[in-house]
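Now for the letters of each chain:
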Amino acid sequence: MKHQLKEVRRILAMFLGLWAGLASLPAAQELKEAKVTEIVRLVEKEQSETKTQMVLKDTINEKSTVDTGTSSMAELTFADTSITRLGENSVFSFNSKERLVKLDKGSCLMHTPPGNGGVSADLGGGVTASVTGTTIMLAKTPNGAVAFLVMEGSVGKIVTKDGKITEIHPGEVGTIAAGSSEVKVSVVNVDFIKDHAPLFQEFSSVLPGTEGIQGVSDLQAMQIQMEMSILMAPTEAGLSDDHGAILAQFFGFNIAQDRKSTRLNSSHEWISRMPS
């Protein structure tokens, strides 16, 4: 059984390497500026202590902060073709040369083309997350709890304030409860997220990286068929209420599954929607 699990991990690593190497663009291109390519309801830009309501084709630079309101979202397309989608009640900014994004609160979905240098995220409290490519999700609650999810692409990592590094593989999410430095790593159903999460579904265009997400989904299905893991609700898998709440608040449903589990509920009832 352990040998089979290692073999699936090996296949996954090969798949990720293929996707990461599809492009040969120069590394570490600057983000420079971003153009607003889609807006849902009220989105504001703050620059030089002045707030203005954003409209389509507005641009932002590293001196700007984007603030989405309740039930509001925005899509930003950077000069290097990286795409960022912001969920409701989010505050977002970036540093161009370091390819560093900062999420003060809220949620975002990012796709960075392979070979562009990836992206790092400042999640506050001395916590950073990074990946060389290609599709990730970030979330941060007002009280400081954070989540870093790798949908597809290369292996990401979370570095906490004490310098501890935790790897996050495609199809996994790392969560840190408010006031804690412990990273909880759980498996997520990427196909379900893609089909239900507002950051995927509430925009008119299809996000690049969909084929990569499908590849991760296929590998997850392979693991299930080999009865090597169980995908279940967070409360059943050992996720604390705080960790589960991070995912529920920003992704809208219980998607976390503990990677230490050992059997499959073949009825797929482990996908449970959060109560409204």
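Coordinates for the structure precede this section.
So, here is what we can say about the structure in this document. Worth saying up front: this structure is predicted, and the values here are computed from it rather than measured.

Section: the overall build of the chain
Working step 1: Helices and strands together make up the secondary structure of the chain, namely six helices and 20 strands.
Working step 2: Within the chain, the fraction of its 276 residues that count as buried is 50%.
Working step 3: Summarising the internal contacts of the chain: among those between residues at least 6 apart in sequence, 55% fall at separations of at least 24.
Working step 4: Accessible surface, the chain: about 12,900 Å² in total, of which carbon and sulfur atoms supply 50%.

A closer look at unusual backbone geometry
Negative phi is the rule for most residues except glycine; trans is the rule for most peptide bonds.
Working step 1: Here the residue pair Gly 133 and Thr 134 is connected by a cis peptide bond, since its omega of 10° sits within 30 degrees of zero.
Working step 2: Looking at where Thr 134 falls in the secondary structure, it is placed in strand E12 (residues 134–140).
Working step 3: Within the chain, Arg 41 stands out as a residue other than glycine whose phi angle is a positive 65°.
Working step 4: Within the secondary structure layout, Arg 41 lies in the loop between strand E1 (34–40) and strand E2 (43–47).
Working step 5: Of the residues examined, Arg 41 reaches a relative accessible area of 60% and is grouped as exposed.
Working step 6: Of note in the backbone geometry, Thr 81 takes a positive phi value of approximately 75° without being a glycine.
Working step 7: Relative to the helices and strands, Thr 81 resides in the loop between strand E6 (73–78) and strand E7 (83–86).

Some words on the environment of Ala 34
Working step 1: Note that Ala 34 resides in strand E1.
Working step 2: Each C-alpha atom, one on Ala 34 and one on Phe 94, is 10.0 Å from the other, the two residues being 60 residues apart in sequence.
Working step 3: When near neighbours in sequence (up to four residues on either side) are disregarded, Ala 34 contacts Asp 58, Thr 59, Ile 60, Leu 76, Thr 77 and Phe 78.

A short note on the pairing of strand E9 (residues 100–111)
Working step 1: When E7 meets E9, the two strands line up antiparallel, connected through four bridges. Bridge pairing links Leu 86 to Cys 108 in E9.
Working step 2: Summarising the sheet, strand E8 (residues 91–95) and E9 pair through five bridges and their orientation is antiparallel. Residue pairing for E9: Ser 93 is matched across the bridge by Lys 102.

Re the nonpolar core
Working step 1: Leu 76, Val 101, Ile 136, Leu 138, Phe 148 and Ile 158 are the most contacted members of the largest nonpolar core, which totals 33 residues.
Working step 2: At the level of secondary structure, the elements contributing two or more residues to this core comprise E1, E6, E8, E9, strand E10 (119–122), strand E11 (128–131), E12 and strand E13 (146–153).
Working step 3: For this core, the element with the most residues is E9, which contributes four residues.
Working step 4: Core analysis: the second largest hydrophobic core is formed by 20 residues, Ala 139, Met 151, Phe 200 and Phe 203 among them.

Remarks on the environment of Glu 33
Working step 1: Examined against the element boundaries, Glu 33 turns out to sit in the loop between helix H1 (2–20) and E1.
Working step 2: A relative accessible area of 43% places Glu 33 in the partly exposed class.
Working step 3: Sequence separation between Glu 33 and Ser 96 is 63 residues; the distance between their C-alpha atoms is 7.6 Å.
Working step 4: Apart from the residues lying within four places of it in its own chain, the contact partners of Glu 33 are Thr 59, Ile 60, Thr 77, Phe 78, Ala 79 and Phe 94.

About the thresholds
- Residues numbered from 1 in each chain as written.
- Predicted model: local features only at pLDDT ≥ 70, side-chain atom pairs only at ≥ 80, totals over all residues.
- Heavy atoms only, no water.
- Helix = DSSP H or I, 4+ residues; strand = E, 2+ residues; numbered from the N terminus.
- Buried < 20%, exposed > 50% of the residue type's maximum accessible area, 1.4 Å probe, protein only.
- Contact = heavy atoms within 4.5 Å.
- Areas by Shrake-Rupley, 256 points an atom, 1.4 Å probe, with all protein chains shown as cover.
- Pairing = 2+ DSSP bridges.
- Core = buried A, V, L, I, M, F, W, Y, C linked by side-chain atoms within 4.5 Å.

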